[in-house]
Amino acid sequence: MMRIFHRPQHEDEELVPAVAEHFLVRVISGEAQVEERELTGEWTKSEAGSGSFFLTQTDAPYLMRWQADPDRPFEVLHLYLGFRRPLVNRAARSLGLTPSRLSMRDIAGVQDAFISGVLTGLTAEIQTTHSASSLFVNGLLESLTVHLLRHYAQTQPSPTSRPAQLPAWKLRKALDHMEAHLAEPFDLDFLAGLCGMSRFHFSRSFHNTMGQSPSRWFIRRRVDHAKDLLSQTNRSIIEIALTSGYESASHFTQMFRRKTGIIPRDFRKL
């Protein structure tokens, strides 16, 4: 799975989910000062310039924040290799490595000419006006996988058990659906069905991936959505309440204060 994101110039805090597969991020354009930390840890800083990449495979969610150059668009590419696990396993064995004992080293803000070339080719092929060639794409992905294993993989002393996590495509399905239906009641059964999972398995996997339950994430996104409307529009409090999924202004005010410490009217004055 590969996606391109147009990021805002400034982000105070973004929750990055745990990823059950190798996850690579490349800065396509722009520059930014990026900071990362565990949910209860200290911030660590790195520079993200055009062409630099980040690589992670983490069992726990973490937080990111950044400040980008305001004069250039800040665009990043996300590539998940886990959905091609047979390719990763085949490449590992070709190098004499044991797939079950491999993990990727955490890499932040590194320049790698080979990776830049491959990802530039992948981006161009996928965005082309004609149909992308699966043979060409698979060849690039295979070359990239071998390169990553050669230069950025490490061997664990023994296979490690990992908590159940949502694959990237299932997580994106669930997040996209919740984001598009913030004004509607939270429906755990629908989300679990969307991912082809039981309520229990979906909830546990989502929590392991995001560090919070699906319902808590949904409530937080409702409040964040309301904060955006309060600061960027002149809509009335009751209109924002209804748009954000609350039945009344009083219920909205109660939940907003519980999550932010202040009432909506005072937040708008900030």
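Below: a short report on this structure. (Residues numbered from 1 in each chain as written. Predicted model: local features only at pLDDT ≥ 70, side-chain atom pairs only at ≥ 80, totals over all residues. Heavy atoms only, no water.)

1. Considering the sheet that holds strand β1 (residues 2–7)
Judged by pairing direction, the sheet is antiparallel, and its five strands sit side by side in the order β1-β8-β3-β6-β10 without closing on themselves. Each having just a single partner strand, β1 and β10 (107–111) make up the two edges of the open sheet. If you compare each strand with its neighbour and ignore which way they point, the axes differ by 25 degrees on average. Pairing of strand β6 (residues 52–56) with β10, which is carried by three bridges, proceeds in the antiparallel orientation. In the sheet register, S52 faces β10, and the bridge partner there is Q111. Running over the sheet, helix α2 (residues 113–126) touches β1, β3 (23–29), β6, β8 (74–80) and β10 and is turned about 80 degrees from β3. (Pairing = 2+ DSSP bridges. Helix = DSSP H or I, 4+ residues; strand = E, 2+ residues; numbered from the N terminus. Axes fitted to C-alpha atoms, helices over the stretch in contact; angles between N-to-C directions. Contact = heavy atoms within 4.5 Å.)

2. A look at the pattern of salt bridges
Note on pairing: side chains with opposite charge can pair once their charged atoms come close. Scanning all chains against the criterion turns up nine salt bridges. Its salt-bridge partner being D176, residue R3 comes within 4.0 Å of it at the nearest N-O pair. Of this pair, R3 sits in strand β1 while D176 sits in helix α4 (residues 168–180), and the two are 173 residues apart along the sequence. Judged by its relative accessible area of 32%, R3 is partly exposed. Residue D176 is classed as partly exposed on the basis of its relative accessible area of 37%. Among the charged side chains, a network of salt bridges with common partners joins E179, R220, R221 and D224. (Salt bridge = Lys/Arg side-chain N within 4 Å of Asp/Glu carboxyl O. Buried < 20%, exposed > 50% of the residue type's maximum accessible area, 1.4 Å probe, protein only.)

Don't take any of this as a statement about function, it's just geometry.
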